[in-house]
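Understanding the architecture of this molecule
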Amino acid sequence: MIKVKPGDDIQAALDCGEDIIFEPGIYEGAEYRITKPAKLSGYGAVLVGGRKIEWTDEGNGVLSAEIDNKEPLQALFVGGKPRMRCRYPEEGFMEYLTDCRIEQVSAAEGSYKTEPTHDDLTLFQIKTGDLDGLTLHSAEVQLMHCWDDSHCLIERVEGDMVRLASETIQAIGSFGNHKYCLWNIPEAFTKKGTYYHDLKAHKLYYRPLDGENAGTESYLPISENIFRIEEDISGLTIEGFEIIVSACPAGTAGFGGTNKPGAIEFRGKMRNCVLRDLKLHSLGGLGIKMCDGTSGGTIENCDIYEMGGGGIKGGGISGEDLTVINNNRIHDLGYYYPQGFGINGPRMRVTNNVLYNTGYSAIACGGNGAHIEGNVIHDCMRTFSDGAAIYVCGQNSVMRKNFVYNIHSEDGKYNGIAYYIDEYGSGWLVEDNVVINGGRPNHNHMNTKNIYRHNLFANTTGKTEYTWQRSHNETYENNVFWSKGETWFYFPEDGFEVFKNNRYYSCDGKIHWGVYVDYTVTDRKLFEPDETNVRLEETDLASVLEEFGVGDISNLDIAVAGL
């Protein structure tokens, strides 16, 4: 057993491969490489992946500091909180004019009929005058897509045409989305709590919030990983640490934000490793990141919040032990990259976690034999669409006893999805789940032979939709569909193998159905369940919840009529 304290040669101790206790204290400039299994215990230790900033007061409510970063600074931490770059416009988006010229198909079918060209990924037309008078030498453009975005530097502007210095992750104009904004524009540097990084002058400027000043503890992030495990490893334990401040390279974050680094990052395969009792917050990228192919690890009893990107990227492969993610609290994600998942990975056992305030999906999981049970999720999908509180694909897996409420919809197109099985998902057992207040409680796309039984789908806000696009031979038994307003069911003619003993509550008595041909609804009429299904008129939701066995939910932050 080795004991270390701030100022010791921590890397030398780690290289010994013995168990280590970090004595309580602040460990600045933390960036450690682990090559040998050990038990690392840090109760009372705070690992900081940055260095303190010595501000100069420029007057007029502006602080400055010399920095030598070669690309726009992605993250800044002041007073223990992440701070945002100046943004143009301050709220909302501008709209460019370029449409996507390529026919789009599903992601499983390649996303596009033909491959996008370099121009499709770097060149777009803006409205005349949109960028007039703006200083662009240190700026990044953010182009919104559907479930993700692209962050790119500007190469040049010629008239109304903008050429990006790197390619976007989706063809420009995909999904009919033309929204964009600019980050790190000095003309937009007016709001308290924001910063501007002048690459030419090598200076960082910050407008302090009320109560902040040059003496407020501020950190410039320097370490992309606090603990980095580059080789395959088995039997490592990391427990008890508080980990704050990490750096993040510029550029596009990718699907789920997984291009960005993790404060704890496994670059090789890990097995029988344990991460527990960790407090990760105020980080530039992800909290914990595992390489694909990882299996058999456990992440438990951790608090992960106020993240630049996502919470946990797990691993997992068929035929191996599942990565267990249990009893964690993950919230307030996506300060810099809102597409970051709360938890995602190819094969996991995700149980008893609480997740909320995410820009995209809270839980995303695939693979064979995954298990998602007992999680509480609310207020996700706050920025992007075509995702869900729980978004899955894969085969032969279980989704059970999860409670989801207050699901948002970025653009109204997908209408706040709670439970979503996507492309080629099959063999899922979805049972005993509850959703309250999601405009689309259940959505299915290109999947088959999943079983839904004894789930409660309820929505008190506006129109409610249930959709089965290009899905076939599904089983729905003993489910409850409750809606404050009118309800629509959209499915292919061969959408169901079994559909019986379900109950429908529509407070205005309007239940409709439409038939999909591919993605187009071709027929719409009133839905009349057969004798195996029951349609009931207005019924109090609280009574339905009690009958369903949900229990007391009055302490939750939720607005449901009648509770």
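What the protein chain contains, in helices and strands, is three helices and 59 strands. Here the C-alpha radius of gyration of the protein chain, 25 Å, is about what a compact globule of 563 residues would show, namely 24 Å. The buried share of the protein chain, reckoned over its 563 residues, is 59%. Accessible area for the protein chain stands at about 21,400 Å²; split by element, carbon and sulfur atoms hold 46% of it. Here the protein chain holds 51 positive side-chain charges and 81 negative ones, and the gap between their average locations is 2 Å.

In the predicted model, the protein chain carries a mean pLDDT of 91, and 96% of its residues have values of at least 70. A low-confidence stretch, residues 557-563 stays under pLDDT 50, and its non-local contacts, those more than four residues away or across chains, total 19 contacts.

Moving on to the packing of aromatic side chains. Counted by the stated rule, this structure contains 37 aromatic pairs. With centroids separated by 4.9 Å and ring planes inclined at 85 degrees, the aromatic side chains of tyrosine 466 and phenylalanine 481 adopt a geometry described as edge-to-face. With tyrosine 466 in strand S51 (residues 464-469) and phenylalanine 481 in strand S53 (residues 480-483), the pair connects residues that are 15 residues apart, well separated along the chain. You'll find tyrosine 466 and phenylalanine 481 in the same group, each marked buried. Consider the rings of phenylalanine 481 and tyrosine 504, whose centres lie 5.4 Å apart with planes at 10 degrees: the pair is stacked. Taken together, the residues phenylalanine 481 in strand S53 and tyrosine 504 in strand S56 (residues 503-506) connect sequence positions 23 residues apart. Classification of phenylalanine 481 as buried rests on a relative accessible area of 2%. On the accessibility criterion, tyrosine 504 (1% relative accessible area) is buried. Three or more aromatic residues joined by ring pairs form one cluster here, namely Tyr452, Phe457, Tyr466, Trp468, Tyr476, Phe481, Phe489, Phe491, Phe496, Phe499, Tyr504 and Trp513.

Where burial is concerned, most of strand S26 (residues 262-266) is hidden: five out of the five residues are buried. With three bridges connecting them, strand S22 (residues 227-229) and S26 associate as parallel partners. Looking across to S26, one finds that phenylalanine 227 is bridged to isoleucine 264. For S26 and strand S30 (residues 286-290), the ladder comprises four bridges, and the chain directions are parallel. Paired with glutamate 265 across the two strands is lysine 289, which belongs to S30.

What follows covers the sheet that holds strand S7 (residues 50-52). Spatial ordering of the open sheet is given by S7-S21-S10-S11-S19-S20-S9-S8, a layout of eight strands whose pairing is mixed. With partners counted over all chains shown, the strands left at the sheet margins are S7 and strand S8 (56-59), one partner each. Between one strand axis and the next, the sheet turns through 35 degrees on average, direction left out of account. Pairing of strand S11 (residues 81-85) with strand S19 (residues 194-198), which is carried by two bridges, proceeds in the parallel orientation. Looking at S19, one finds that arginine 85 is bridged to tyrosine 195.

The subject of this paragraph is the side chain of histidine 512. Structurally, the position occupied by histidine 512 is in strand S57 (residues 511-517). Overall, the relative accessible area of 14% leaves histidine 512 in the buried class.

This next bit is on helix H3 (residues 541-548). Of the residues making up H3, those classed as buried are Leu541, Val544, Leu545 and Phe548. Around the axis of H3, the buried residues are gathered within 100 degrees of arc, so they sit on the same side. Across H3 from its buried face, at more than 90 degrees, point the exposed residues Glu546 and Glu547. Where the residues of H3 are buried, they touch strand S47 (434-436), strand S50 (456-459), S53 and S56. At the N-terminal boundary of H3, the capping side chain belongs to aspartate 540, with an oxygen 3.1 Å from the backbone nitrogen of alanine 542. Phi for glycine 549, located one or two positions after H3, is positive at around 85 degrees.

Once that is clear, we can look at unusual backbone geometry. At the junction of tyrosine 88 and proline 89, the peptide bond is cis and its omega measures out at -5 degrees in the coordinates. Within the fold, proline 89 resides in the loop between strand S12 (87-88) and strand S13 (94-95). Within the chain, serine 111 stands out as a residue other than glycine whose phi angle is a positive 75 degrees. Checked against the element boundaries, serine 111 lands in the loop between S13 and helix H2 (118-122). Here the phi dihedral of tyrosine 424 falls at roughly 65 degrees; this positive angle occurs in a residue that is not glycine. Mapped onto the secondary structure, tyrosine 424 falls in the loop between strand S45 (417-421) and strand S46 (429-431).

Position of histidine 137 among the secondary structure elements: in the loop between strand S14 (123-125) and strand S15 (140-144). In this structure histidine 137 comes out as partly exposed when scored by relative accessible area, which is 33%. Placed 98 residues apart in sequence, histidine 137 and lysine 39 show a C-alpha to C-alpha distance of 47 Å. At 2.8 Å, the side chain of histidine 137 and the side chain of serine 138 are in polar contact.

So, about the side chain of glutamate 465. As for its placement among the helices and strands, glutamate 465 is situated in strand S51. There is a polar contact of 3.5 Å between the side chain of glutamate 465 and the side chain of arginine 440. Each residue touching glutamate 465, except ones within four places of it in the same chain, is listed here: Asn415, Gly439, Arg440, Pro441, Asn442, Trp488 and Tyr490.

With that settled, the discussion passes to the pattern of salt bridges. Inspection of every chain in the model, using the stated rule, returns 33 salt bridges. Taking the shortest distance from any N to any O, the salt bridge between glutamate 465 and lysine 463 comes out at 3.7 Å. Among the charged side chains, a salt-bridge network with shared partners connects Glu31, Arg33, Arg228, Glu230, Glu231, Glu265 and Arg267.

Below, the discussion takes up the pairing of S11. The pairing of strand S10 (residues 76-78) with S11 spans three bridges and is classified as antiparallel. From the neighbouring strand, phenylalanine 77 faces S11, where its bridge partner is proline 82. In this antiparallel pair of consecutive strands, S10 and S11, the connection spans two residues, and glycine 79 shows a positive phi of 60 degrees.

Counted under the stated rule, the structure contains zero disulfides. No disulfide involves cysteine 302; its sulfur sits 14 Å from that of cysteine 273, the nearest cysteine. According to the relative accessible area criterion, cysteine 302 is buried, its value standing at 0%. Between cysteine 380, a free cysteine, and cysteine 146, which holds the nearest cysteine sulfur, the sulfur-to-sulfur gap is 15 Å.

Rules of the game
Residues numbered from 1 in each chain as written. Predicted model: local features only at pLDDT ≥ 70, side-chain atom pairs only at ≥ 80, totals over all residues. Heavy atoms only, no water. Helix = DSSP H or I, 4+ residues; strand = E, 2+ residues; numbered from the N terminus. Rg over C-alpha atoms; globule rule 2.2 N^0.38 Å. Buried < 20%, exposed > 50% of the residue type's maximum accessible area, 1.4 Å probe, protein only. Areas by Shrake-Rupley, 256 points an atom, 1.4 Å probe, with all protein chains shown as cover. Lys, Arg positive; Asp, Glu negative; His and termini not counted. Charge placed at Lys NZ, Arg CZ, Asp CG, Glu CD. pLDDT = per-residue confidence, 0-100. Contact = heavy atoms within 4.5 Å. Phe/Tyr/Trp six-rings, centres within 6.5 Å; stacked < 30°, edge-to-face > 60°. Pairing = 2+ DSSP bridges. Axes fitted to C-alpha atoms, helices over the stretch in contact; angles between N-to-C directions. Arc of directions from axis to C-beta. Polar contact = N/O pair within 3.5 Å; in protein donor to acceptor, adjacent residues only side chain to side chain. Salt bridge = Lys/Arg side-chain N within 4 Å of Asp/Glu carboxyl O. Disulfide = S-S within 2.5 Å.

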